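Observations on the three-dimensional arrangement
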Amino acid sequence: MLKGIDLPVSRLCTGGCPAGEYGWGNVDHAQIEGAIRRAFELGVNFFDTADTYGLGKSEQNMGEVLRGVRTRVVIASKFGVRVEGGKTFYDNSPEYIETALHKSLRCLGSDYIDLYQIHYLDGVTPVDAMMEALIRHKKAGKIRAIGLSNVTLEQAEMFRPYAEEIASFQNHYSLAHRDAEEAMLGIARTMALAPLTWGSLGQGILTGKYGADVHFESNDRRSRTIYDNFYGDKLRKNLRIVEAMRPIAEAHGVPVAAVAVRFILDHLPGSVVIAGMKSPAQAESNALALTFRLTEDEVRVLEEISR
């Protein structure tokens, strides 16, 4: 359960960044719609997007596919990444919250958003001003719950006076990126917030389909070295993690990607894993993580190799 939301959420959440149909290589619109639909058919009722994913395209795609089952799903979106005049910057001001929220509602084709999250902190807007605006929209029924995203333990502490108003937080976390683990455990424990993980498949490197010769075209963000999971020493380490996952996947009769998701579920208490997908087949692969559990020995092997 997420605080403020009556519908229990699945521990697997469909990540909506690829649904923006931008920056992930060649993306087929019909396949994206099919992936969202297939995830729901397989029991995933939690869908995460943001206004900046395809500049509203992701919200539109999710809204269209889920419109007929709106009361049976939990839709999360985010605000705070503002694109204007060809420049991208962060904005948490109450004025921009008003603008961003109503734009997201229009894109989703919904009169409410279940979980509305602060995508990134702008470092300028006072927490009080931000939260007072969000609480006002919550009381008006436009949002049901408030969430944080991409916060350190110190930043989360600034929101402690409003802990009862906040349901969750999400941070970058996977077998390929465990840097935030201590902070995530601390936030979850001290503020009683549900931890959500993004980048849970390491932008795809943890699916097992890439090797040392991995290459991306220029229309794929992963062609940039800032996505270090695919470059240098980080790539070599990630490929060793994948090789450690292969026998575990074979033992459970599931794809490698399902093991990567299951590690988080079994290792991070109370977590919800956000995993993106571009096709129904990928939705099926991710959902298999809900059908088994890792043994203590398997968790230990993966914990040690990814440390």
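Below: a short report on this structure. (Residues numbered from 1 in each chain as written. Predicted model: local features only at pLDDT ≥ 70, side-chain atom pairs only at ≥ 80, totals over all residues. Heavy atoms only, no water.)

A short note on the layout of surface pockets
This is how it is decided: Site definitions follow a grid-based scheme: protein atoms alone, a 1 Å grid, a 1.4 Å probe that fits but cannot get out for cavities, and for pockets an open set with protein on both sides within 12 Å along at least five of seven lines, plus lining residues having an atom within 4 Å of a point. Grid points are joined across faces, edges and corners, and a volume is the space filled by probe spheres set on the points. A run of H or I in DSSP becomes a helix once it reaches four residues, and a run of E becomes a strand once it reaches two; helices and strands are each numbered from the N terminus. Side-chain classes are defined by residue name, with Ala, Val, Leu, Ile, Met, Phe, Trp, Tyr, Cys and Pro counting as nonpolar, Asp, Glu, Lys and Arg as charged, and the others, Gly among them, as polar.
The volume enclosed by the second largest pocket comes to roughly 190 Å³. Taken together, Asp 51, Thr 52, Leu 55, Val 81, Arg 82, Val 83, Glu 84, Tyr 96, Thr 99, Ala 100 and Lys 103 form the lining of the second largest pocket. Mapped onto the lining of the second largest pocket, the elements with two or more residues apiece are β4 (81–84) and α3 (94–108). When its residues are assigned to classes, the lining of the second largest pocket shows five nonpolar, two polar and four charged.

Comments concerning the sheet that holds strand β2 (residues 46–48)
Keep this limit in mind: Strands qualify as paired when DSSP identifies two bridges or more between them. Structural elements are reduced to axes, namely lines fitted to C-alpha atoms, with helices fitted over the stretch in contact, and the angle between N-to-C directions of any two is expressed from 0 to 180 degrees. Contacts were defined at the residue level, with two residues in contact if any of their heavy atoms lie within 4.5 Å.
Taken together, the eight strands give a closed barrel; going around it, the order is β1-β2-β3-β6-β7-β8-β9-β10, and neighbouring strands pair in parallel fashion. For this sheet the average axis-to-axis angle between neighbouring strands, irrespective of direction, equals 30 degrees. Pairing between strand β8 (residues 166–172) and strand β9 (residues 194–198): five bridges, direction parallel. When the sheet's bridge partners are listed, His 172 is paired in β9 with Trp 198. Packed onto the sheet, helix α2 (residues 57–66) meets β1 (12–15), β2 and β3 (74–79) and runs at close to 160 degrees relative to β2.

Describing the environment of Val 301
Put simply, the rule reads: Partly exposed describes any residue whose relative accessible area lies between the buried limit of under 20% and the exposed limit of over 50%, with all areas from a 1.4 Å probe on protein chains only and scaled to the type maximum.
Considering the arrangement of structural elements, one finds Val 301 in helix α10 (residues 296–306). Val 301 gets classed as partly exposed once you look at its relative accessible area, which sits at 43%. Residues Val 301 and Pro 255 lie 46 residues apart in sequence; the distance between their C-alpha atoms is 18 Å.

Remarks on the packing of aromatic side chains
Applicable threshold: Two aromatic rings, drawn from Phe, Tyr or Trp (for Trp, its six-membered ring), form a pair once their centres lie within 6.5 Å of each other, and the interplanar angle then sorts them: stacked below 30 degrees, edge-to-face above 60, tilted otherwise. By the criterion adopted, a ring carries a charge over it if an Arg CZ or a Lys NZ lies within 6 Å of its centre and within 35 degrees of its normal.
A complete count under the given rule lists five aromatic pairs for this structure. In this arrangement the basic side chain of Arg 70 is found over the ring face of Tyr 112, its NZ or CZ atom lying 4.1 Å from the centre. The residue whose ring lies beneath Arg 144 is Tyr 112, and the NZ or CZ to ring-centre distance is 3.8 Å.

So, the pairing of β1
What counts here: A right-handed crossover is one whose linking path, passing over the helix from the first strand to the second, runs clockwise when the strands point away from the viewer.
Because side chains alternate across β1, one face comprises the buried residues Leu 12 and Thr 14, and the other comprises Cys 13 and Gly 15, equally buried. For β1 and strand β10 (residues 272–276), the ladder comprises four bridges, and the chain directions are parallel. Looking at the pairing, Cys 13 lines up with Ile 274 of β10. Relative to β2, β1 runs parallel, the two sharing three bridges. The residue bridging Thr 14 from the neighbouring strand is Phe 47, located in β2. At this point the chain moves from β1, through helix α1 (residues 29–41), to the parallel β2, and the crossover so formed is right-handed.

Quick look at the nonpolar core
Within soluble globular proteins, side chains that are nonpolar generally end up buried alongside one another. Heads up, the condition is: In these notes, a set of buried Ala, Val, Leu, Ile, Met, Phe, Trp, Tyr and Cys residues joined through side-chain atoms within 4.5 Å is what counts as a nonpolar core.
If you look at the biggest cluster of nonpolar residues, it comprises 85 residues, and the most contacted ones within it are Phe 159 and Met 245. Of all the elements, helix α8 (residues 256–267) adds the most residues to this core, at nine residues. Setting aside chain neighbours within four positions, we find Phe 159 in contact with Ile 118, Leu 121, Val 127, Met 130, Met 131, Leu 148, Ile 166 and Met 191. Ranked by size, the runner-up nonpolar core spans 14 residues in total, among them Val 9, Leu 115, Val 272 and Ile 274.

Considerations on the side chain of Ser 93
Spelled out, the test is: The term polar contact refers here to a pair of N or O atoms within 3.5 Å; inside protein, the definition further demands a hydrogen-donor-capable atom paired with an acceptor-capable atom, and it admits residues adjacent in sequence only when both atoms are side-chain atoms.
As for its position among the elements, Ser 93 is in the loop between β5 (87–90) and α3. At 2.8 Å, the side chain of Ser 93 and the side chain of Asp 91 are in polar contact. Ser 93 has contacts with Asp 122 and Thr 125, leaving out every residue within four places of it along the chain.

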